[in-house]
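Examination of the molecular architecture
The lines below spell out each chain.
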Amino acid sequence: MDDNQVHLPKANILVVDDTPDNLRLLSAMLTQVGYEIRRVINGSTALKTAQAAPPDLILLDIMMPEMNGYEVCQHLKASEKTRDIPVIFISALDEVFDKVKAFAVGGVDYITKPFSEEEVFARVENNLTIRRLQKQLTEQNVLLQQEISDRQKAESALRLSQFYLDRFKDPIFFVNLNAQLVYVNEAACHILGYSREQLLTMTVHDIDPNFPAETWHSQWQELREKDSSSFESIHRTQEGRNLHVKITFSYLEFKDQQYLCTSAYYSNPIRLG
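The present account deals with the structure reproduced in this document. (Residues numbered from 1 in each chain as written. Predicted model: local features only at pLDDT ≥ 70, side-chain atom pairs only at ≥ 80, totals over all residues. Heavy atoms only, no water.)

Quick look at the pairing of strand β3 (residues 57-61)
For β3, the tally of buried residues reaches 5 of 5 residues, placing the bulk of the element in the interior. Here β3 shows two buried faces, one formed by L57, L59 and D61 and the other by I58 and L60. Pairing of β3 with strand β4 (residues 87-92) involves 4 bridges; the strand directions are parallel. Bridge pairing in β4 places I58 opposite V87. Once you follow β3 into helix α3 (residues 69-78) and on to β4, the crossover reads as right-handed. (Buried < 20%, exposed > 50% of the residue type's maximum accessible area, 1.4 Å probe, protein only. Helix = DSSP H or I, 4+ residues; strand = E, 2+ residues; numbered from the N terminus. Pairing = 2+ DSSP bridges. Right-handed = clockwise from strand over helix to strand, strands pointing away.)

Digging into the packing of helix α2 (residues 43-52) against α3
The geometry of α2 relative to α3 is characterised by a closest axis approach of 10 Å and an angle of 20° between their N-to-C directions. When the axes of α2 and α3 are compared, the pair comes out roughly parallel. Crossing of α2 against α3: the hand is right-handed. Contacts from G43, L47 and A50 of α2 reach α3 at V72, H75 and L76. (Axes fitted to C-alpha atoms, helices over the stretch in contact; angles between N-to-C directions. Parallel < 35°, antiparallel > 145°, perpendicular 65-115°, else oblique. Left-handed = near helix turned anticlockwise from the far one by under 90°. Contact = heavy atoms within 4.5 Å.)

Considering the packing of aromatic side chains
Using the criterion set out here, one finds 7 aromatic pairs in the structure. Ring centres of F231 and F249 lie 5.9 Å apart, and the angle between their planes is 55°; this geometry places the pair in the tilted category. Within this pair, whereas F231 is found in strand β8 (residues 228-236), its partner F249 is found in strand β9 (residues 242-254), the two being separated by 18 residues in sequence. Clustering of aromatic rings is evident, with ring pairs tying together F211, W216, W220, F231, F249 and Y251. Positioned above the aromatic ring of Y110 is the side chain of R123, whose terminal nitrogen or guanidinium carbon lies 5.5 Å from the ring centre. (Phe/Tyr/Trp six-rings, centres within 6.5 Å; stacked < 30°, edge-to-face > 60°. Lys NZ or Arg CZ within 6 Å of the ring centre and 35° of its normal.)

What to know about the sheet that holds β9
Remark on secondary structure: sheet strands pair via backbone hydrogen bonds, oriented parallel or antiparallel. One open sheet holds the 5 strands; their spatial order is β7-β6-β10-β9-β8, and the pairing between them is antiparallel. The open sheet has two edge strands, β7 (181-184) and β8, and neither has a second partner. Put simply, the sheet's adjacent strands are angled 30° from each other on average, direction ignored. Sheet topology places strand β6 (residues 172-176) next to strand β10 (residues 257-266); 5 bridges connect them, and they run antiparallel. When the sheet's bridge partners are listed, V175 is paired in β10 with L260.

A few points about the nonpolar core
Residues F173, L181 and L199 are the most contacted members of the largest nonpolar core, which totals 24 residues. If you tally residues by element for this core, the top one is β9, at 5 residues. When residues no more than four places from it in sequence are discounted, the contact partners of F173 are L181, Y183, V184, A188, L192, I207, H235, L260, C261, T262, A264 and Y266. Core analysis: the second largest hydrophobic core is formed by 21 residues, A46, L47, F97 and V105 among them. (Core = buried A, V, L, I, M, F, W, Y, C linked by side-chain atoms within 4.5 Å.)

Structure, rendered in structure tokens:
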């Protein structure tokens, strides 16, 4: 490993206790296993410190003068900036500790004095892990909501596009690499005499004799290389009539799929002889 590599702390922990010896002991315990520790000796300073730079977790003594741990926790949970920070209460074995109140004001756990390293490490790491998972879940939910929103916008745009294309006076056909008709507008259905459902089960070969299945892929490649252009051909209606048609097309790639987007301009139909 590179000796110059920067080692980031496992987490940032704020320790709040009015007894300096407790601060030093907890700080030494947690620093040795990779946590970054900030220490304050009263509740009002703790609130200012947490607001200025929110820690990942707070170890909070209950019995402090002026503002006890319950009050500090209530203030933390009342602020949008600090409400999600997990708070572990600190209590001495001989102190009266109201566990119900501790959890009611927003605490997530507690440790007792004198400190056991194993207990401190276990409770700190467990609650940091829970917090990390909660944050990941929140972030994933935000991404999911954004994805849903983007999809809804895309679907709305698609519906608007289809609404416009369906009312376009000239026939419109979208064709994929396999010669399948993947979109037709109402004008195309009206002129060729097929329903939309029928056309979307058909291929170019079914309506244009100049594009037989045997030569389709080579013809597709030629059209793709032109990118956009126009040519003349014949379309066959459901009734068996041949219509002379001028086709204008553009090549399009969308979500790794290839399409030819074509518009058709028909002259007077000619009956088969």
